[in-house]
Amino acid sequence: MCGVAGIFDYGGRLESGQIRLSTVRMTDSMRQRGPYGSGIWEDPVSGIWLGHRRLSIVDLSETGSQPMHSADGRWVLSYNGEVYNAQALRTQIKSEAGIDFRGGSDTEVVLEAIALWGLNVALHK
């Protein structure tokens, strides 16, 4: 099971370097939950930091690393889960949007579904 951590600095009261360090420490403390890699994404302007520890099951390549960006660059996702209809959704997304998927992870399917259909429709599908 992957490990996911994050900080939301509402109002920008904290120093971004300290928040980054705290995010790294949180993800490092979950090393046993995701021994195959880790990643940090930050947007100090919005006050959001995401951390991820990776347990590779479906896509063992680096293209499955998280936090992951959508192809259009608008969305970032760090999550743990399995999408049972990922292959069908991947085919539908590729057909409708012409997306060339970088890898074979469920995460990328969820991310591109959100980018294409919006959050509510993507979660329903």
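Residues numbered from 1 in each chain as written. Predicted model: local features only at pLDDT ≥ 70, side-chain atom pairs only at ≥ 80, totals over all residues. Heavy atoms only, no water.

Asker: Let's hear about the overall build of the protein: which residues, and what values?
Answerer: Within the protein one finds four helices and five strands. In sequence order, the protein lays out its α and β elements as β-α-β-β-β-β-α-α-α. Taking 14 Å as the expected radius of gyration for a compact globule of 125 residues, we find that the protein reaches 15 Å, a close match to that expectation. The C-alpha extent of the protein, read off along each of the three principal axes, is 45 × 30 × 20 Å. Going through the 125 residues of the protein one by one, you find that 37% of them count as buried. A total of about 7,400 Å² of accessible surface is found on the protein, and carbon and sulfur atoms cover 54% of it. Between the centroid of the 12 positive side chains of the protein and the centroid of its 14 negative side chains there is a distance of 4 Å. (Helix = DSSP H or I, 4+ residues; strand = E, 2+ residues; numbered from the N terminus. Rg over C-alpha atoms; globule rule 2.2 N^0.38 Å. Buried < 20%, exposed > 50% of the residue type's maximum accessible area, 1.4 Å probe, protein only. Areas by Shrake-Rupley, 256 points an atom, 1.4 Å probe, with all protein chains shown as cover. Lys, Arg positive; Asp, Glu negative; His and termini not counted. Charge placed at Lys NZ, Arg CZ, Asp CG, Glu CD.)

Asker: Provide a residue-level description of the layout of surface pockets, including the pertinent values.
Answerer: By rolling a water-sized probe across the atoms, one finds the places where empty space is left. Taken as a whole, the largest pocket holds about 300 Å³ of empty space. Lining the largest pocket are 18 residues, and of these C2, L55, I57, V58 and G81 lie nearest its centre. Its residues placed into classes, the lining of the largest pocket shows six nonpolar, eight polar and four charged. In this model, the second largest pocket occupies a volume close to 160 Å³. Lining the second largest pocket are Y79, V83, N85, L89, V110, A113, A122, L123 and K125. (1 Å grid on protein atoms, 1.4 Å probe; cavity = no way out; pocket = protein on both sides within 12 Å on 5 of 7 lines; lining within 4 Å. Points joined across faces, edges and corners; volume = space filled by probe spheres on them. Nonpolar A, V, L, I, M, F, W, Y, C, P; charged D, E, K, R; others polar.)

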